[in-house]
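# Structural overview for review
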Amino acid sequence: MRLVEVPVNHPVRLVEIEAPLEMAHRLRDLGFLKGIEISIKIKSPFSGPYVLDVAGASVVMRKNEAELIVVEEVP
Amino acid sequence: MIALIGRPNSGKTTLFNWLTGSRFRAVNYPGATVECLLGRTHIRYGESHAVIDTPGIYSLFPKSPDEEVTLKTLKGEYKNYAVEKLVVVIDATHWVRQWPILEQLKEAGAKAVVALTMADLLTDEQRKNTVAVLEQELGWKVIPINGKLGGGVQKLVEAIRQLPATSTFVSTLKIWTEERHQKSLQTGMQLEQRANQKPQSRAQLAKQRTDRLDQWLLHPVLGLIFFIAIMTTLFSSIFWLADPFMGYVDEGFSFLIEFVKSFGEDQLWVDLLANGVLAAFGSVLVFVPQILILFLGISFLEDSGYLARAATIVDRPFSKLGLSGRSFVPLLSGYACAVPAMMATRNISSTKERWIAMFVIPLMSCSARLPVYALLLSFLFFGEEAWKPGLALAVIYILSLVVGGLAAWVVHKIIPRSPGESFLMELPFYRRPSLRVVLATALMRTKAYVKRAGPIIFVLSLVVWVGSTFPRTDAVSASEALEHSFMGQAGHYIEPVFEPMGSDWRVGVGLISAFAAREVFVSTLAIVFNIESDSDEGLTTSLLEQMKSATWPDGTPLFNVASVAAMIVFFLIALQCLSTFAMAQREMQSWKFAINQLVALNLVAYILAVITYQALSVLL
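Residues numbered from 1 in each chain as written. Chains lettered and ligands numbered in written order. Predicted model: local features only at pLDDT ≥ 70, side-chain atom pairs only at ≥ 80, totals over all residues. Heavy atoms only, no water.

## Quick word on the overall build of chain B
As a reminder, the rule being used: In this text, helices come from DSSP runs of H or I with a minimum length of four residues, and strands from runs of E with a minimum of two, each type numbered from the N-terminal end. For the radius of gyration, the atoms used are the C-alpha atoms, and the globule rule reads 2.2 Å times the number of residues raised to 0.38. The rule is simple: take the accessible area with a 1.4 Å probe, protein chains only, and divide by the maximum for that residue type; under 20% is buried, over 50% is exposed, in between is partly exposed. Calculation of accessible area relied on Shrake-Rupley with a 1.4 Å probe; when residues are assessed, cover is drawn exclusively from the protein chains displayed. Asp and Glu are treated as the negative residues and Lys and Arg as the positive ones, with His and the ends of the chain left uncounted. Where a charge lies is defined by one atom per residue type, namely NZ (Lys), CZ (Arg), CG (Asp) and CD (Glu).
Each helix and strand in chain B was counted, giving 26 helices and 8 strands. What you see for chain B is a C-alpha radius of gyration of 28 Å, in line with the 25 Å of a compact globule of 620 residues. Taking the principal axes of the C-alpha coordinates as reference, chain B spans close to 90 × 55 × 45 Å. In chain B, buried positions account for 57% of the 620 residues. A total of about 26600 Å² of accessible surface is found on chain B, and carbon and sulfur atoms cover 64% of it. Within chain B, one finds 54 positive and 51 negative side-chain charges whose respective centroids are separated by 14 Å.

Structure representation (structure tokens):
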């Protein structure tokens, strides 16, 4: 499942990042790490950016970036 | 010198405040123009040491120009700011993500002290465990700091004293592979588990408060309303808050001019000082209060954490123009001054986006245009209710946004895509802005503005005064004398260029001198139209009187709705600023970019001004 498909306030776990190297690095610097818990706090209108909770920190990303992130349900 | 390094929002600046007892100044790195804070440790901590607060970094592999500055500092490349001791600032509530940077520093052979900020957000046990785990792993001293009360700073200073002084901290560092980084983060997570420290208790409270506020301020509908309300407040406060202070500056200069004139108006030096230098400075410095207030507002919003949210809100519309939320702060600063705005584009990682932002920044209605608009609008709305010019100014501000948007869109369509187009950003916790930091940054930016404009205004006021005063003739009227002056003679050659936009050679001279800096237009007009401020109505009013009575040789009024509107259109678009041109060249490392921008914006400005004048002359 992709992060874009996840509804608001539904915690999931990061499986993989399928982004180009540069972006993968940025994501990593911001704490996107295999196994970490992510939930979407706000989805801005008109396909605007998402506000995420990444292990306790607020991170903003665009919808097309959320498409690159593979997640799974928290068991 | 001691350097503080750490991630953005790690509490570095708060710690810096405690260390220096809030006595510091904002400075620019030599040749790098990135702002940082410089101070000395307070004497209550014993012998004083110099401290520098470096730009925030995410890792030792910099991805944006301001991160590079920090790395260069660590490599000892800035001789003026030779760092001898290093303090790594780590946010205790999020330290796992900061672990790689610690590991990288260690790998590079650095020795440092760790300041664990926001330690007051941990329980006593968590704090003890975290310090123990980090000290064991790093072999460095780890000092918890209470951000609110400043507890632990004394201990930190003692730990710094015990560090051996070195000159380089990072010499060779092999670039980390993806796996290496992942491994480092995993180590961090394991260490965190060992310290049994998940963000809890008070950290949880700060986070909850931020989350609650974000539910309002980033709400799909309400967030937009708040955004518009905050921006409207910011921009309108520039006018009503600054008004009394502008009055004081104006009165002060009028008084000075009167005082100088009392030495005898027929003396040359009196004329130079009063009608040349003082009139020029007075007509420009009167706008410093507005500039200061705009900078104060921006610094305040920046420090509170709101600007990151505002960037999030504008990201969607900006993305249509090839920009992102990251361009919001640079463009907003462009409303104060293009020079710091261009510096602020340094944290834009996409080359294309940075290019577009740099190109459109000079279109934002900067404070140097304010004196010009203020003069032209008070001419257009002379003697009418105050809200009319106010509304017209609001329209001009919105127009500058529209023109900027159009320009961005055109450039976006022309230049090819580049990698790194994204909008990824960490939102800081909301916090009460530190007034001290807000004041220091706003003052520094205002001072930089005055320093840049000052010499230009001074030199040009001399040039314009000499040009308009010599050669001395025994002409009866002032206008006749001007006609025969050097400037009058030269002006007639250039008049054909400005005639199509409804300006004669006197205004043409003003427009040309404005290429040094836009506000010089007002000061040049003040000299060219030779204002005699005998009345106590101030400089602006007497200049307006002169403009009203100015005519073409055939007796038709020089300033009418069409010609003034054409001037406004010209100023809206033209890039008339030496500093901006120089900054564009320096930041982009490209003469081609700077020259293209200069030519493109001025050509478009001229053509549109001519069209405006011709169309309005036919219609009215």
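## Let's talk about the overall build of chain A
Tallying secondary structure elements over chain A gives 2 helices and 5 strands in all. Listing the helices and strands of chain A from first to last along the sequence gives β-α-β-β-β-α-β. Radius of gyration (C-alpha) of chain A: 11 Å, near the 11 Å computed for a compact globule of 75 residues. Along the first, second and third principal axes, the C-alpha atoms of chain A reach 30 × 30 × 20 Å. Going through the 75 residues of chain A one by one, you find that 57% of them count as buried. Accessible area of chain A: about 3100 Å², with a carbon and sulfur share of 54%. Between the centroid of the 9 positive side chains of chain A and the centroid of its 11 negative side chains there is a distance of 4 Å.

## A few points about the environment of Thr-232 of chain B
Residue and element names in this part refer to chain B. Keep this limit in mind: Two N or O atoms form a polar contact when they lie within 3.5 Å of each other; inside protein one atom must be a possible hydrogen donor and the other a possible acceptor, and for residues adjacent in sequence the pair counts only when both atoms belong to side chains.
Examined against the element boundaries, Thr-232 turns out to sit in helix α8 (residues 222-240). Residue Thr-232 is classed as partly exposed on the basis of its relative accessible area, which comes to 46%. Reaching out from Thr-232, the side chain makes a polar contact with the backbone oxygen of Ile-228 at a distance of 2.5 Å.

## Description of the interface of chain B and chain A
For interface size, the figure often reported is the accessible area lost on association. Selection rule: We call two residues contacting when some pair of their heavy atoms lies within 4.5 Å. Summed over both partners, the accessible area lost on bringing two parts together, with a 1.4 Å probe, is the buried area. Any carboxyl oxygen of Asp or Glu that lies within 4 Å of a side-chain nitrogen of Lys or Arg is treated as forming a salt bridge with it. Lys, Arg, Asp and Glu make up the charged group, whereas Ala, Val, Leu, Ile, Met, Phe, Trp, Tyr, Cys and Pro make up the nonpolar group; the residues left over, Gly among them, are polar. Following DSSP output, two strands are said to pair if at least two bridges run between them.
The interface is formed by 32 residues belonging to chain B together with 30 residues belonging to chain A. Taken over both partners, the interface formed by chain B and chain A buries close to 3100 Å², and the fraction arising from carbon and sulfur atoms is 57%. Contact with chain A buries area across many residues of chain B, yet Lys-63, Arg-316 and Leu-424 of chain B alone supply 20% of it, more than any other trio. Where chain B meets chain A, there are 3 salt bridges. Here chain B and chain A share 8 residue pairs in polar contact (both at pLDDT 80 or more) between them. Every element with two or more residues in the side of chain B that touches chain A is listed here: α6 (178-194), α7 (201-217), α12 (306-319) and β8 (425-427) of chain B. When residues in the side of chain B that touches chain A are grouped by element, the largest group, 5 residues, is from α6 of chain B. Residue composition of the side of chain B that touches chain A, by class: 10 nonpolar, 10 polar and 12 charged. Pairing of strand β4 (residues 57-61) of chain A with β8 of chain B, which is carried by 3 bridges, proceeds in the antiparallel orientation.

## Some remarks on the nonpolar core
Residues and elements named next belong to chain B. So the rule is basically this: Definition of nonpolar core: a set of buried residues of the types Ala, Val, Leu, Ile, Met, Phe, Trp, Tyr and Cys, connected through side-chain atoms within 4.5 Å.
Membership of the largest hydrophobic core comes to 121 residues, with the highest contact counts inside it found for Phe-328, Phe-521 and Phe-559. At 9 residues, the largest contribution of residues to this core is made by helix α24 (residues 561-573). Excluding anything up to four places from it in sequence, Phe-328 contacts Phe-227, Met-231, Leu-307, Ala-310, Ala-311, Val-314 and Phe-318. One finds Leu-60, Val-69, Trp-95 and Val-131 within the second-largest nonpolar core, a separate group that totals 40 residues.

## Quick look at helix α10 (residues 268-285) of chain B
We count it as follows: Multiplying one less than the number of residues by 1.5 Å gives the expected span of a helix. One axis is fitted to the seven residues ending at the residue and one to the seven starting there. The bend at that residue is the angle between these axes.
Between its terminal C-alpha atoms α10 of chain B stretches 24 Å, which fits the 26 Å expected from 18 residues at 1.5 Å a residue. Of all the bends in α10 of chain B, the greatest, near 35°, is centred on Leu-278 of chain B.

## A short note on the pairing of strand β6 (residues 113-117) of chain B
Residue and element names in this part refer to chain B. Our working definition: Note on handedness: a clockwise path from strand one over the helix to strand two, with the strands aimed away from the viewer, defines a right-handed crossover.
When you tally the buried positions in β6, you get 5 out of 5 residues, the bulk of the element. Looking at chain direction, strand β5 (residues 85-91) and β6 are connected through 5 bridges and run parallel. Looking at the pairing, Val-87 lines up with Val-113 of β6. Crossover connection from β5 via helix α3 (residues 99-107) to parallel β6: handedness right-handed. In this fold, β6 hands off to helix α4 (residues 124-138), which returns the chain to strand β7 (residues 142-144); that crossover is right-handed.

## With respect to the packing of helix α16 (residues 369-380) of chain B against helix α22 (residues 520-528) of chain B
Residue and element names in this part refer to chain B. Under the convention used in this document: To obtain an axis, a line is fitted to C-alpha atoms, over the contacting stretch when the element is a helix, and the angle between two such axes runs from 0 to 180 degrees between their N-to-C directions. Put simply, angles under 35 degrees are roughly parallel, angles over 145 are roughly antiparallel, angles from 65 to 115 are roughly perpendicular, and the rest are oblique.
One way to put it is that α16 packs onto α22 with a least axis distance of 7 Å and a crossing angle of 50°. Here α16 is positioned oblique relative to α22, judged by the angle of their axes. Of the residues in α22, those touching α16 at Pro-371, Val-372, Leu-375 and Leu-376 are Phe-521, Val-522 and Leu-525. In terms of residue class, the contact of α16 with α22 is built from 7 nonpolar, no polar and no charged.

## Details of the layout of surface pockets
Residues and elements named next belong to chain B. To keep things clear, this is the line we draw: Lining residues are defined by having an atom within 4 Å of a point belonging to a cavity or pocket. Those points lie on a 1 Å grid over the protein atoms alone, cavities being sets where a 1.4 Å probe fits but cannot get out and pockets being open sets with protein on both sides within 12 Å along at least five of seven lines. Grid points are joined across faces, edges and corners, and a volume is the space filled by probe spheres set on the points.
Estimates place the volume of the second largest pocket at around 1100 Å³. In terms of lining, the second largest pocket is formed by 43 residues, of which the most central are Phe-227, Met-231, Val-314, Phe-328 and Leu-401. For the lining of the second largest pocket, the secondary structure elements donating two or more residues are α8, α12, α13 (328-334) and α17 (387-414). With 10 residues, the single largest contributor to the lining of the second largest pocket is α17. Looking at the lining of the second largest pocket residue by residue, the classes come out as 33 nonpolar, 9 polar and 1 charged.

## Considering the pattern of salt bridges
If you walk through the whole model with that rule in mind, you get 16 salt bridges over all chains. Measuring nitrogen to oxygen at the nearest pair gives 2.6 Å for the salt bridge that ties Asp-211 of chain B to Lys-41 of chain A. With one member in each of two chains, Asp-211 of chain B in helix α7 and Lys-41 of chain A in strand β2 (residues 37-43) form a pair that bridges those chains. The residues Asp-211 of chain B and Lys-41 of chain A share a single accessibility class, namely buried. Note that Glu-103 of chain B and Arg-180 of chain B form a salt bridge whose closest N and O atoms lie 2.8 Å from each other. With Glu-103 of chain B in helix α3 and Arg-180 of chain B in helix α6, this pair connects stretches of sequence that are 77 residues apart. Linked through salt bridges whose partners overlap, the residues forming this network are Lys-41 and Asp-53 of chain A together with Lys-207 and Asp-211 of chain B.

## Re the packing of helix α9 (residues 243-261) of chain B against α10 of chain B
Residue and element names in this part refer to chain B. At a minimum axis separation of 9 Å, α9 and α10 run at an interaxial angle of 180°. Regarding the angle of α9 to α10, the classification is roughly antiparallel. When α9 is examined against α10, the residues Val-249, Phe-253, Leu-256, Ile-257, Val-260 and Lys-261 are found in contact with a partner set consisting of Trp-269, Val-270, Leu-273, Ala-274, Asn-275, Leu-278, Ala-279, Phe-281, Gly-282 and Leu-285. Across the contact of α9 with α10, the residue classes tally to 13 nonpolar, 2 polar and 1 charged.

## Quick notes on the packing of aromatic side chains
Residues and elements named next belong to chain B. Rules: Any pair of Phe, Tyr and Trp rings, taking the six-membered ring for Trp, is counted once the centres come within 6.5 Å. Such a pair is stacked with planes under 30 degrees apart, edge-to-face with planes over 60 apart, and tilted for the rest.
Summed over the entire model, instances satisfying the criterion amount to 15 aromatic pairs over all chains. Aromatic pair Phe-235 and Tyr-397: ring centres 5.9 Å apart, planes at 65°, arrangement edge-to-face. One end of the pair, Phe-235, is in helix α8; the other, Tyr-397, is in helix α17, and 162 residues separate them in sequence. Judged by centre distance (5.8 Å) and plane angle (50°), the rings of Phe-263 and Trp-269 are tilted. With a relative accessible area of 43%, Phe-263 lands in the partly exposed category.

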